[in-house]
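What the coordinates show
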Amino acid sequence: MNADKHTPDPVVGRYRVIPILHEGAMAQTHTANATPAIQEASGLPGKLVADWHDRAIARLGELLKERRGLQVFMDTCTKCGACTDKCHYFLGTADPKNMPVARQDLIRSVYRRHFTLAGKLFPKLVGARDLDKPMLEDWYRYFHQCSECRRCTVFCPKGIDTSEVTMAGREILAAIGLGQQYSQEIIGKVNSVGNNLGMKKPALANVLESLEEDILDETGLAIRLPLDDATADMLVVTPSADFFAEPHVDGLIGMAKVLHAAGIHWTLSSEASEAANFALFTGQHDQMQAIALRISTAAQSLGVSRIVMGECGHAWRVAYSFMDTLVGGFDYLDPEHPRPEHICELSHELLQSGLITLDPSRNADKVVTFHDSCNVARGAGMGNIKGGQFTIPRALLRASVPQLVEMSSDTTHQKTFCCGGGGGLLTDDLMEVRVKGALPRAQALQAVVSSDKVTHLVAICAICKTQLSQVLPQHDLADVQVTSLHHLVGDALVL
Amino acid sequence: MFDTLVGIAFSLAWLWLVCGIAYRVSVWLGARSRFLIPLAPAPRSRVGVLGRLFLEVFTFRSLARANRTTWLASLAFHYGLLWTLVMHLRFAYEVLPIFIVPFIRFGIWATLALVTGLVILLLRRLLIDRMRYISSPSDYLHLVLLLCIALSGVLIKRVWPTNLFEVGEFFRGTFVLNWMPLPDHAGLIIHLSLVLILLFVFPISKLVHGVGVVFSPTFNQRDRS
Ligand code: SF4
Ligand code: SF4
């Protein structure tokens, strides 16, 4: 990974407002290209094809016809600048190409050159550009410095969604031989083994068994983590990080306790042992469909009547917003629960109907704050009420802890800042981008640590949890514990 | 002869404007819209979606969230422009209709809002480093063009008046291909030439955003869960 050589120690200032442009600040960043073997396993060219220019333009033309959003967004940006100071990667790096509109312009300028009258006739006048080698390199660099978090969309008066542009850019790059190693490798593993880790069924069964022993030691109760139980009524699909990573695994244990306490007959699946769907990040709709189908195939072969998704942000967006389109409906599910549900929806429903009891005094030593994950906040919903994705996790938290502190309202709910590691950037060779991109979240957190002595940052996304536990120490916030929401729910649960 | 050429140019401009916008909309609608990508939290009902579109189109709600100065300047400019356009409807009628009278009466305020808004938007683009970085020559020229149109319009109206009845005759003629003479007035010719440029640029530039906003899937889709 040649990127490591170039990656200087991240230096992050504190409480800067809007940085002064620093051109080329992140131009050295380069996440590793997918190896030929990885590319070819997904039916993509192993390395940059000779006629990459023509193929890229042709693919862009196809995407403009396949994705209405992309076409509209190319035409309607007025360069009003409203989005320019809204991206955490720009705020953290000062690189002008990390301003959302500048990121879109990487494609828009090429679009104007090849697909618009004005750009064909007067390229200089309207900022139309050719897709040359330096431009191609900028595509690769800066489309891998966008976490597709859609925060910029919240502020754009035309509703322009930079994530759609980034996805299109990455899709084109992969199609001409420049996939990203991290995401493409994960997509390959999910397709061949069933989860992002490449963890096979016997290994998974072992892990679950040892977790059951841990719970038995802790609670004295035989709480199960069933795998491929064909008699179950409910399939739970959770990110594979929940099986081994800290602090994720405590969230899985919490979920198991809740399901046990409610007397639900549930199971995990070895076929669909992964909630994540990295093809959302790479913009590859065919792959996204294949990965989503695993879940509905597993649900049907296990004969369950409910599907519940664990704490994973983008998996929830795919399940909530795209599943219908991808797998064509859920007639096999219980008509009372006709779509995949979020574990927070389930726990909240159990709490309201009195099937579980939570005692916040069991978390009396904690002062918590809640980090809204971008894909949940801006890409999905919960509870069939507008804004349920904000109120439901908070209601669960309030029932589980004595004190919930909110961070600045500019950084929560719909305006939440990405953790800095979403969208396929959670890889070591992008560590500098990740640390700098976490700056706005770290600043907001620092403020509540100072004012309210917050001890725990709660998240409901596997990527947020991994990213924040890794980068917060670099922002002098090593003392804040990053925690799964269901860890706290599990601890407060009266068993 | 010259007047006839200007007349023909306007007739073509109306056609170009209508066809150009229709073509752009057909490109948008011709593209597939397979995935649901409304910006959450999204309205759950169709009425809710209409409400969202209304707020975006008429109050620039998202811009208000982003930046107060730009928001106020944009409101001043766009509503000033709308008001001015209504004033110009007078040229469609031989007898001045009552509903236009108040628009003309307070027209000066609209012009002021329009010009002030444009100046702030232009200054912003010139002075802020982020704005300069994302701007192409055309982005400045659009603003300059609009400013010149506004200022030449003020000139004709307030400083160096022309025969408005004849202007009306001329315009009504351009819609029915009956090209009439224009008053002999250099300021008017400048104003009209600039307007012609604007009409030709509109459907093939970012100016078409006014129509495009409602086609944005992040705004016009609803939460269908
Ligand atoms: S806010 Fe929207 S319209 Fe304005 S510059 Fe950014 S992307 Fe373009
Ligand atoms: S989607 Fe998020 S990461 Fe990408 S440009 Fe917008 S704010 Fe930045």
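Described below are features of the structure shown in this document. Numbering of residues starts from 1 in every chain and runs along the sequence as written. Whichever chain is written first is A, and whichever ligand is written first is 1; the rest continue in order. Predicted model: local features are reported for residues with pLDDT of at least 70 only, side-chain atom pairs are reported and counted for 80 or more only, and whole-chain, interface and lining totals are derived from all residues. The side-chain values count all of the structure's non-hydrogen atoms but skip hydrogen atoms and water molecules.

**Some details on the sheet that holds strand 4 (residues 341–342) of chain A**
Across a sheet, paired strands are connected by hydrogen bonds in the backbone, their directions being either parallel or antiparallel. Residues and elements named next belong to chain A. Strands qualify as paired when DSSP identifies two bridges or more between them. Helix and strand definitions here come from DSSP, where helices need a minimum of 4 consecutive H or I residues and strands a minimum of 2 consecutive E residues; each element is numbered from the N-terminal end. The strand order across the open sheet formed by four strands is 2-1-3-4, and the pairing between neighbours is parallel. Each edge of the open sheet carries a strand with a single partner, namely strand 2 (266–267) and strand 4. Relative to strand 4, strand 3 (residues 306–309) runs parallel, the two sharing two bridges. Each bridged residue has a counterpart across the sheet, and for V308 the counterpart in strand 4 is E341. With respect to the sheet, helix 16 (residues 285–302) is in contact with strand 1 (234–237), strand 2 and strand 3, its orientation differing from that of strand 1 by roughly 150°. Contacts are assigned to residue pairs with any non-hydrogen atoms lying within 4.5 Å of each other. Axes here refer to lines fitted to C-alpha atoms; in helices the fit is confined to the stretch in contact. Angles between the N-to-C directions go from 0 to 180 degrees.

**Side note on the site of ligand 1**
Among the 13 residues in the neighbourhood of ligand 1, the closest are listed as C77, C80, G81, C83 and C156 of chain A. Gly is put with the polar residues, along with every residue not named as nonpolar or charged; the nonpolar set is Ala, Val, Leu, Ile, Met, Phe, Trp, Tyr, Cys and Pro, and the charged set is Asp, Glu, Lys and Arg. Taken together, the residues of the shell around ligand 1 sort by class into eight nonpolar, three polar and two charged. What makes a residue near a molecule or strand is one non-hydrogen atom of that residue sitting within 4 Å of it.

**Side note on the interface of chain A and chain B**
Each partner contributes residues to the interface: chain A has 70 residues there, and chain B has 53 residues. The rule for a salt bridge is simple: a side-chain nitrogen of Lys or Arg has to be within 4 Å of a carboxyl oxygen of Asp or Glu. If you look at where chain A meets chain B, you find one salt bridge. Measuring nitrogen to oxygen at the nearest pair gives 2.9 Å for the salt bridge that ties R24 of chain B to D75 of chain A. With seven residues, helix 4 (residues 68–76) of chain A is the single largest residue contributor to the side of chain A that touches chain B. Among the residues making up the side of chain A that touches chain B, the classes are represented as 31 nonpolar, 18 polar and 21 charged.

**A short note on the packing of helix 18 (residues 343–352) of chain A against helix 20 (residues 388–400) of chain A**
All names here are of chain A. It is at 9 Å that the axes of helix 18 and helix 20 come closest, and there the two elements cross at 50°. For the element pair helix 18 / helix 20, the angle class is oblique. Crossing of helix 18 over helix 20 shows left-handed handedness. In this structure, helix 18 contributes C344, E345, S347, H348 and L351 to the contact, and helix 20 contributes I392, A395, L396 and A399. Taken together, the residues of the contact of helix 18 with helix 20 sort by class into six nonpolar, two polar and one charged. When describing relative orientation, an angle under 35 degrees is termed roughly parallel and one over 145 degrees roughly antiparallel, while 65 to 115 degrees is termed roughly perpendicular and anything else oblique. For any helix crossing, the convention is left-handed if the near helix is rotated counterclockwise from the far helix by under a right angle, and right-handed if that rotation is clockwise.

**Description of the sheet that holds strand 6 (residues 404–405) of chain A**
Residue and element names in this part refer to chain A. Pairing is parallel in the open sheet, where four strands are placed in the order 6-5-7-8. The open sheet has two edge strands with one neighbour each: strand 6 and strand 8 (481–484). For strand 7 (residues 456–459) and strand 8, the ladder comprises four bridges, and the chain directions are parallel. In the strand pairing of strand 8, V458 is matched with T483. Across the sheet, helix 24 (residues 485–492) is in contact with strand 5 (368–370), strand 7 and strand 8; its angle to strand 8 comes to roughly 75°.

**Considerations on the packing of aromatic side chains**
Any two of the Phe, Tyr and Trp rings considered here, Trp counted by its six-membered ring, make a pair once their centres fall within 6.5 Å; the pair's planes then place it as stacked at under 30 degrees, edge-to-face at over 60, or tilted in between. Applying the stated criterion to the full structure yields 17 aromatic pairs over all chains. Between F170 of chain B and F171 of chain B, the ring centres sit 5.2 Å apart and the planes meet at 90°, which makes this aromatic pair edge-to-face. Across the pair, exposure class does not vary: F170 of chain B and F171 of chain B are buried alike. Members of the aromatic cluster, connected to one another through ring pairs, are F10, W14, F170, F171 and F175 of chain B. In our convention, an over-ring charge means Lys NZ or Arg CZ found within 6 Å of a ring centre and within 35 degrees of that ring's normal. In this structure, K86 of chain A packs its charged tip against the face of F155 of chain A, placed 5.1 Å from the ring centre. It is R105 of chain B that lies over the ring of F106 of chain B; its NZ or CZ is 5.2 Å from the centre. Partly exposed describes any residue whose relative accessible area lies between the buried limit of under 20% and the exposed limit of over 50%, with all areas from a 1.4 Å probe on protein chains only and scaled to the type maximum.

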